[in-house]
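# Secondary and tertiary structure notes
The primary structure of each chain is shown beneath.
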Amino acid sequence: MSTTYNTVDGDTFEKIARIKYGSEQNANLIAKSNPGVTEPLTPGTVIVIPNAPGTPNNLQQQTNANSDNQTAILINGLRFKFWDKVRITRSIDNIDTVEFSAPFDVNIPNFKTVFRPFSYQDVIVTVGDNPLFTGTMLTPVPVVENKQKIITVSCYSRPGRLNDCTAPASAYPLEFNGQGLQEIANTLTAPFGIPVIFKANQGAIFERVASDPGEKILAFLIKLTKQRNLILASDPLGNLIVWQSIETGSPVAVLKQGSSPVLSVSPFFSPQEYYSHITGIEPVIVGLAGSQFTVKNARLTGVMRPLTFNAPDTIDSTVKSAVEAKAGRMFGNIVSYSVRLNTWRDPAGNLWEPNTTIKLVAPDAMIYNNYEFIIRSVEFNRDNKTETATLNLVLPGSFSGKIPNTLPWDD
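Conventions we followed
Residues numbered from 1 in each chain as written. Predicted model: local features only at pLDDT ≥ 70, side-chain atom pairs only at ≥ 80, totals over all residues. Heavy atoms only, no water. Phe/Tyr/Trp six-rings, centres within 6.5 Å; stacked < 30°, edge-to-face > 60°. Buried < 20%, exposed > 50% of the residue type's maximum accessible area, 1.4 Å probe, protein only. Helix = DSSP H or I, 4+ residues; strand = E, 2+ residues; numbered from the N terminus. Lys NZ or Arg CZ within 6 Å of the ring centre and 35° of its normal. Pairing = 2+ DSSP bridges. Axes fitted to C-alpha atoms, helices over the stretch in contact; angles between N-to-C directions. Contact = heavy atoms within 4.5 Å. pLDDT = per-residue confidence, 0-100. Core = buried A, V, L, I, M, F, W, Y, C linked by side-chain atoms within 4.5 Å.

### Overview of the packing of aromatic side chains
Per the stated rule, a full pass over the model turns up 11 aromatic pairs. Ring plane angle 90 degrees and centroid distance 5.5 Å describe the contact between Phe104 and Phe111, whose orientation is recorded as edge-to-face. Note on Phe104: relative accessible area 30%, which makes it partly exposed. With relative accessibility at 4%, the residue Phe111 sits in the buried group. Aromatic pair Phe269 and Trp409: ring centres 5.9 Å apart, planes at 65 degrees, arrangement edge-to-face. With Phe269 in strand E17 (residues 262-269) and Trp409 in the segment after strand E24 (387-394), this residue pair connects regions lying 140 residues apart in the sequence. A relative accessible area of 43% means that Phe269 is categorised as partly exposed. For Trp409, a relative accessible area of 29% corresponds to the partly exposed category. Among the aromatic side chains, those forming a connected cluster through ring pairs are Phe80, Phe82, Phe100, Phe104, Phe111 and Phe115. A cation over a ring is seen here: Arg228 above Phe206, with NZ or CZ 3.9 Å from the ring centre. Across the ring face of Phe309, the terminal group of Lys326 is positioned such that the distance to the ring centre comes to 4.8 Å.

### Description of the sheet that holds strand E12 (residues 196-198)
Paired through their backbone hydrogen bonds, the strands of a sheet run either parallel or antiparallel. Sheet architecture is open: three strands sit in the order E12-E15-E14, paired in mixed fashion. Each edge of the sheet is formed by a strand with only one pairing partner; in this case those strands are E12 and strand E14 (231-234). The average angle at which neighbouring strand axes cross in this sheet is 25 degrees, direction not considered. Sheet topology note: the E12/strand E15 (residues 240-243) ladder contains three bridges and is parallel. Bridge pairing links Phe198 to Val242 in E15. Against the sheet, helix H5 (residues 181-189) contacts E12 and E15, and its axis sits at roughly 165 degrees relative to E12. Strands in contact with helix H6 (residues 217-227) are E14 and E15; relative to E14, the strand with the most contacts, it is inclined by about 140 degrees.

### Quick look at the confidence of the model for the protein
Mean pLDDT for the protein: 88, with 92% of residues reaching 70 or above. Confidence drops under pLDDT 50 across residues 58-62; counting only partners more than four residues distant or on other chains, this segment forms 17 contacts.

### Points about the nonpolar core
Membership of the largest hydrophobic core comes to 62 residues, with the highest contact counts inside it found for Phe100, Phe115 and Trp352. With seven residues, the single largest contributor to this core is helix H7 (residues 316-334). Setting aside its immediate chain neighbours within four residues, Phe115 contacts Ile75, Phe80, Phe100, Met137, Pro140, Ile151 and Val153. Ile194, Leu218, Leu221 and Leu240 belong to the second largest nonpolar core, which has 26 residues in total.

### Considering the pairing of strand E3 (residues 71-75)
In terms of burial, E3 is largely enclosed, as five of its five residues are buried. Of the two faces of E3, the one holding Thr71, Ile73 and Ile75 and the one holding Ala72 and Leu74 are both buried throughout. Of the strand pairs in this sheet, E3 and strand E7 (residues 122-127) are connected by five bridges, and their pairing is antiparallel. In the strand pairing of E7, Ile75 is matched with Val123. Strand direction decides the pairing type here: E3 and strand E4 (residues 78-80), joined by three bridges, are antiparallel.

### Digging into unusual backbone geometry
Keep in mind that most residues, glycine aside, have a negative phi and that most peptide bonds are trans. Across the junction of Glu39 and Pro40, the peptide omega takes the value 0 degrees, indicating a cis bond. By the element assignment, Pro40 lies in the loop between helix H2 (27-32) and strand E2 (46-50). For the peptide bond that leads from Tyr172 to Pro173, omega is 0 degrees, which places it in the cis range. The residue Pro173 is located in the loop between helix H4 (161-164) and strand E11 (174-179) in this model. Positive phi outside glycine occurs at Asn355, with the angle close to 65 degrees. Topologically, Asn355 is positioned in the loop between strand E21 (335-341) and strand E22 (357-362). With a relative accessible area of 9%, Asn355 lands in the buried category.

### Examining the sheet that holds strand E18 (residues 277-281)
The three strands are arranged E19-E18-E20 in an open sheet whose pairing can be described as mixed. Both outer strands of the open sheet, strand E19 (292-296) and strand E20 (306-310), are each paired with one neighbouring strand and no more. For this sheet, the mean inter-axis angle between neighbouring strands, taken without regard to orientation, is 15 degrees.

This is the structure in structure tokens:
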């Protein structure tokens, strides 16, 4: 979340930083967050003041709930009670999103202000007393459907802005030499006031990486995290998180096709993304031969389906890591399962979470024995009649660079 400030005579970025942050330490952060604004500052200029790194979010994030499953939508800290459908999607490797709809009624108090196009309002969704989503409203869209006027609203978690935006112009040329992922991520997200939380070791430093003008920040960071076999996502408080895939062995549930709470199990196969050999090649330096590493898919024999790719900014030890990560993600891409449930909560009473595991047997979906999957994403749906959750499941090793020991259709 950011605020604005109207400059007065005599203001400088350092002076404004002292007023807003208590010291001039983050004056450069304010300057970077206001492309095209330079000193001396003109009185009356409206400038953006981002949250300083480590600044807590003061927007209300809790509501008093009558039950653990009561869902509330807060827009700019005020509860909006007129919604009729909501969908919340949380993912292990993506930015959380929310979609909701409501009657299109300009007579609802503050309706015109709350649903003003291109206003990027702050949105929080809570379940029970706890936040499940913290983000930004995108432009609401009025729709006439079956003679009913509704408004549909899409939101993304705060780091979603990094998917839309490049770095400020003052940041270019944007090069990082001998820096780690954490330092790079903090540098790029600071002008937006978005904290980055590392839940894993950042891995080896980057010898040299650069982002060209026009490259979106999130795309650049995703590229770097994949090279270090890590995952980028958001959390319920709107932070950007960097983490690793969970290991199997502690499933939060054991589910069975045809038994409650399972409503349906649907497989999705992508045979064109399955390879026999995956090879990463280090870019060639003049006068030196680049190293390479190959992972052979022992589960695909007698068929030649190679994939070769450049492993940029790597040395011998990280070429291997990059190839193993590519192989693991191949298994994450070739098959997934959509499991629809009649509850938002696991058997322990916790909301379903991405980056946890479940065991599932579903013979009609070619899962012949109890197989432990990683929950890649969770979609929560609620209207005034029903409550469902849809789990998207992937194979173990999909995000950790480990080829699974067995596949769901093995005997």
